[in-house]
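Residues per chain are reported as follows:
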Amino acid sequence: MMMNDIAQAAHAQEQANGRRVGDVILDLQNISLSFGGVKALTNISFNVREHEIRSIIGPNGAGKSSMLNVMNGVYHPQEGRIMFRGEERRKMDPHVAAAQGIARTFQNIALFKGMSVLDNIMTGRNLKMKCNMLQHALFWGRAQEEEIEHRMKVEEVIEFLEIQSIRKTPVGRLPYGLQKRVELGRALAAEPSLLLLDEPMAGMNVEEKQDMCRFILDVNDQFGTTIVLIEHDMGVVMDISDRVVVLDYGKKIGDGAPDEVKNNPEVIAAYLGTSH
Amino acid sequence: MQFFFEVLIGGLLSGVLYALVALGFVLIYKASGVFNFAQGAMVFFAALTFVGFTEVLPAWFGLEEGSKLVFALAFVLALAAMVVLGIATEKIVLRRLVNQPHITLFMATIGLTYLVEGIAQGIWGANVRGLDLGIADEPIGWIMDSANILVSKFDVFAASVAGVLVVSLALFFQFTRVGRALRAVADDHQAALSIGIPLQHIWAIVWGVAGFVALVAGLIWGSRNGVQFALTFTALKALPVLILGGFTSVPGAILGGLIIGSTEKLAEVYIGPFVGGGIESWFPYILALGFLLVRPEGLFGERHIDRV
Amino acid sequence: MFYREAGQFKASYEEDQQIFTIRQDRVGFYAILAFFFLAVPAFANQYWLQAILTPVLIFSLAAIGLNILTGYAGQLSLGSAAFMAVGAFGAYNFMLRIDGMPFIVAIILGGLCAAAVGIVFGLPSLRIKGFYLAVATLAAQFFIVWALVKFPWFSNHSSSGVITTQEIVIFGFAFDSPERKYLISLAIVAVLALLAKNLVRSTTGRAWMAVRDMDVAAEVIGIRPMRTKLQAFAVSSFYCGVAGALYGYTYLGTVEPEGFNLDLSFKILFMIIIGGVGSIMGSFLGAAFIVLLPIFLNVAMHSTLGGAVPASLAANLELIIFGGLIIFFLIVEPHGLARLWQIGKEKLRLWPFPH
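Presented here is an overview of the structure given in this document. Predicted model only: the values in this text are computed from it and were never measured.

### Remarks on the overall build of chain C
Counting secondary structure elements, chain C contains 14 helices and 4 strands. Relative to the compact-globule value of 20 Å for 355 residues, chain C shows a C-alpha radius of gyration of 21 Å, a close match. Projecting the C-alpha coordinates of chain C onto the three principal axes gives extents of approximately 65 × 60 × 45 Å. Every one of the 355 residues in chain C was classed for burial, and the buried ones make up 52%. In chain C, the proportion of contacts linking residues at least 24 apart, taken out of those at least 6 apart, comes to 75%. Entry remark: accessible area of chain C is about 14900 Å², with carbon and sulfur atoms responsible for 68%.

### Some thoughts on the packing of aromatic side chains
The final tally for this structure, using the stated rule, is 35 aromatic pairs over all chains. The interplanar angle of 75° and the centroid separation of 6.2 Å between the aromatic rings of Phe238(C) and Tyr239(C) together place this pair among those described as edge-to-face. When the ring centre of Phe106(A) is taken as reference, the NZ or CZ atom of Arg104(A) above it lies at 4.2 Å. Above the ring of Phe215(A), the side-chain terminus of Arg214(A) is found at 5.2 Å from the ring centroid.

### So, the pattern of salt bridges
Residue and element names in this part refer to chain A. Overall, the coordinates contain 25 salt bridges over all chains when judged by the stated rule. We note a salt bridge from Arg 85 to Glu 50, for which the minimum N-O separation is 4.0 Å. With a gap of 35 residues between them, Arg 85 in the loop between strand E4 (79-84) and strand E5 (87-88) and Glu 50 in the loop between strand E2 (38-49) and strand E3 (53-57) connect regions that are remote in the sequence. Residue Arg 85 is classed as partly exposed on the basis of its relative accessible area of 41%. For Glu 50, a relative accessible area of 25% translates into the label partly exposed. The closest approach of N and O atoms between Arg 214 and Asp 211, which form a salt bridge, is 2.8 Å. With Arg 214 and Asp 211 both in helix H8 (residues 206-223) and 3 residues apart, the pair spans about one turn of that helix. Judged by relative accessible area, which is 26%, Arg 214 ranks as partly exposed. A cluster of three or more residues bridged by salt bridges with shared partners is formed by Glu 52, Arg 54, Arg 243, Lys 252 and Asp 255.

### Notes on the sheet that holds E3(A)
Residues and elements named next belong to chain A. What the 6 strands build is an open sheet, ordered E6-E7-E8-E3-E9-E10; its pairing is mixed. Unpaired on one side and paired on the other, strand E6 (102-104) and strand E10 (251-256) mark the two borders of the sheet. Looking at each pair of strands side by side, their axes are set apart by 15° on average, direction ignored. Sheet topology note: the strand E9 (residues 243-248)/E10 ladder contains 5 bridges and is antiparallel. Note that in E10 the partner of Leu 247 across the bridge is Lys 252. Strands in contact with H8 are E3, strand E7 (194-198) and strand E8 (226-230); relative to E8, the strand with the most contacts, it is inclined by about 155°.

### What about the environment of Asp213(C)?
Along the chain, Asp213(C) turns up in helix H8 (residues 203-213). As for Asp213(C) and Leu293(C), which are separated by 80 residues in sequence, their C-alpha atoms are 33 Å apart. When neighbours within four sequence positions are excluded, Asp213(C) is seen to be in contact with Phe112(A), Lys113(A), Gly114(A) and Met115(A). Engagement of the side chain of Asp213(C) in a polar contact is seen with the side chain of Arg212(C), the distance being 3.1 Å.

### Re the pairing of E8(A)
Residues and elements named next belong to chain A. Counting buried positions over the 5 residues of E8 gives 5, a clear majority of the element. Of the two faces of E8, the one carrying Thr 226, Val 228 and Ile 230 and the one carrying Ile 227 and Leu 229 are both buried. Relative to E8, E3 is paired through 4 bridges, and the arrangement is parallel. Bridge pairing in E8 links Ser 55 to Leu 229. Direction of pairing for E7 relative to E8: parallel, over a ladder of 5 bridges. Following the sheet pairing, Leu 195 is matched in E8 by Ile 227.

### Things to note about the interface of chain C and chain B
At the interface, 36 residues of chain C touch 45 residues of chain B. Across the interface of chain C and chain B, roughly 3700 Å² is buried in total on both sides, 81% from carbon and sulfur atoms. Inspection of the region where chain C meets chain B yields 0 salt bridges. Those elements giving two or more residues to the side of chain C that touches chain B turn out to be helix H6 (130-150), helix H11 (262-275) and helix H13 (311-332) of chain C. No other element matches H6(C), which puts 12 residues into the side of chain C that touches chain B. Across the side of chain C that touches chain B, the residue classes tally to 28 nonpolar, 4 polar and 4 charged.

Cut-off values and rules
Residues numbered from 1 in each chain as written. Chains lettered and ligands numbered in written order. Predicted model: local features only at pLDDT ≥ 70, side-chain atom pairs only at ≥ 80, totals over all residues. Heavy atoms only, no water. Helix = DSSP H or I, 4+ residues; strand = E, 2+ residues; numbered from the N terminus. Rg over C-alpha atoms; globule rule 2.2 N^0.38 Å. Buried < 20%, exposed > 50% of the residue type's maximum accessible area, 1.4 Å probe, protein only. Contact = heavy atoms within 4.5 Å. Areas by Shrake-Rupley, 256 points an atom, 1.4 Å probe, with all protein chains shown as cover. Phe/Tyr/Trp six-rings, centres within 6.5 Å; stacked < 30°, edge-to-face > 60°. Lys NZ or Arg CZ within 6 Å of the ring centre and 35° of its normal. Salt bridge = Lys/Arg side-chain N within 4 Å of Asp/Glu carboxyl O. Pairing = 2+ DSSP bridges. Axes fitted to C-alpha atoms, helices over the stretch in contact; angles between N-to-C directions. Polar contact = N/O pair within 3.5 Å; in protein donor to acceptor, adjacent residues only side chain to side chain. Buried area = accessible area lost by both parts, 1.4 Å probe. Nonpolar A, V, L, I, M, F, W, Y, C, P; charged D, E, K, R; others polar.

Written out as structure tokens, the structure is:
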């Protein structure tokens, strides 16, 4: 599947202009992770540069989601080092990661089903809200101003993702594709510097995928957000990524620009299997 | 020293009583994933129904009061009533709440508690009744004579009944086809359905067995403490038992019961005097709380792993 | 055709954030407030004030407390009555032992005591969830009641822990008649309900709901589950504590620890289930329902059966109906009366058209 031609052209243009891919902001060194007896990740090392779009691909069960979970502190690896912006971060908790500017979406949609779209995205602004509980209870003056201030920011995100019409709908009632978009909105509301997306296009039809691609590229272009992306759709991966990491059975088998990785025999073998 | 043993043994034996109620919980939880808060009320219902029948059967059929026949009939009828209650609960309440979160089901069983109590008392009246099983609550002669420790015949009887029940249930779950089916259903309803396990039959069996256990528990409790409203809430003590033993383990229920029963009595006797007594009302819960912080799945329960 | 939003546009976020966004709702709300503050005390008889309205207000407050903990933050609690007890005995002791303690301050302090105890018993929620937590709250329920009876200091050395609350005097004005007790309860409950409503639609409320719905995801966006849950316990217990204090001061006059038993905790839980879990208005509806039901049953039975109704029959019927209603609401309308009210309003918007 190809993303639509207009977006593709724009992206090629950007690449031709030489986008400002910067220094390494996230460096994973020799990460090993196991659950009980199961080794999910074995000695994985790669880095992520600022402003780039880095994809992680691999067959099912390769450990991609686990990798993402390690990046934002949901899982703590038994071995290895994580350097985020030059600082050691192995034992980080998820909320510390959030405070550092890392946001993410989940494979199985982790929206708050009891709340509306607007409220869900507002929770993404949580770390930026400074008022305390008492001020909230009075809801006058500072608390109200803050609420309005953040509402304005959230409305920008809503406009960006074109979901104005459903802002008051409880998310449980939305179709799958829109839920994924709302989840992206919640992550964006935090104005992250690093965005981790776990299969953002899973289960979507062609049009939805094109929209999602467009949003991801726009986020990267307009806000300069670094994006790490797990995705199964090879067309998407090859088109929008700057660099790709390939995992298989918890090990890294490929790392580099999309074209290099595409032609790597090990990668091909992992996906297609070898003939016996 | 012998006083310590007396207290300990007394505690262990009252723990057996708690375990009997907890067994009912475990059965239903294992088979349907529902935490049946109304189990205590069902024990009460069972006991009350039994006693009620022993009272009216002689009048209806001209039988001799207190005879073995009346006993047996009352038992069978009470068991039938429990099965009906169980199946009605499953059909009317649980089936309608199939996809709701566990909390909702739990709250429904709280409502069920009140409902069952009201019905039980509505049918049979609210007077406190005695229940005589024909086994005296007197010390066992030879233990008394040799070691000077008070061990009641009745308590030993209760313990043996519980023991037999537990062993048979454990064997049942482990080795019979129905038992395996029950475990499958507890794990995953959909999957069990898809391999052809008849869910309705299974649930009928489970509630039947749970009803039987509740009846036995009710008879023994009622014998001990009289059949009264308070029985429902004494059964709440089964909750700490379950936490200690694990919600899905039959042997765990017994072990948990023994631990709760003994520690409760020992605490009351040895720590109680320093704080004015009455510790029994909350000690098991605090103990359970401590356990939850250290080992949430209980001694024998299954570890719950959340997938992100 | 009266209940229409036509022509009412919200031109700013401020307007969009109001509690009542539809003008008719706002007007209705002020009318209700006026009714309860002005008309009722003037015209209602003693029985209604003492036996119905005041307890409904008090239980609504406790229900709001439980709703915050269980409805919004998702932490099931079976110990609300115990926190009410802490509030009642706390306020009593502050009034008793500190000369010239103002009533309102004593109530607040009682609430804060309850909040502190709530935080302690809420600590386990950091590691355990669902009905395991419910069992932990049972520990709170039994332990607190036991402690209040066993340590005579709490009840000023009276037998079995019974206390008689002092007179309410605010700025020299004695609140001794049923009308005045009703008014002070109404005032306190109204203010606290407004604060609660603000809380639940603010960042704090959203954090609670996030932790309720999916705490892993909440943590990932930076919400700290520990702080959020303990906040919920603290606020919830505060509300229950104030409700407990009012229970003693404006309703019963004489209270004992055993009166704040498990049965009362269940009653409050039933109030939020029937009224609507996760709804401030539902707390009021549920409390009204639970208080009025036995009275209604009594009246119904008297009129159908005439003459003497055996107390046991009435009691059993109550049990059956309570239990049955809980199950009914959980199956048919898990969001309780509040949802039914909302549905009613939706239909009203279309009236007189069917759809």
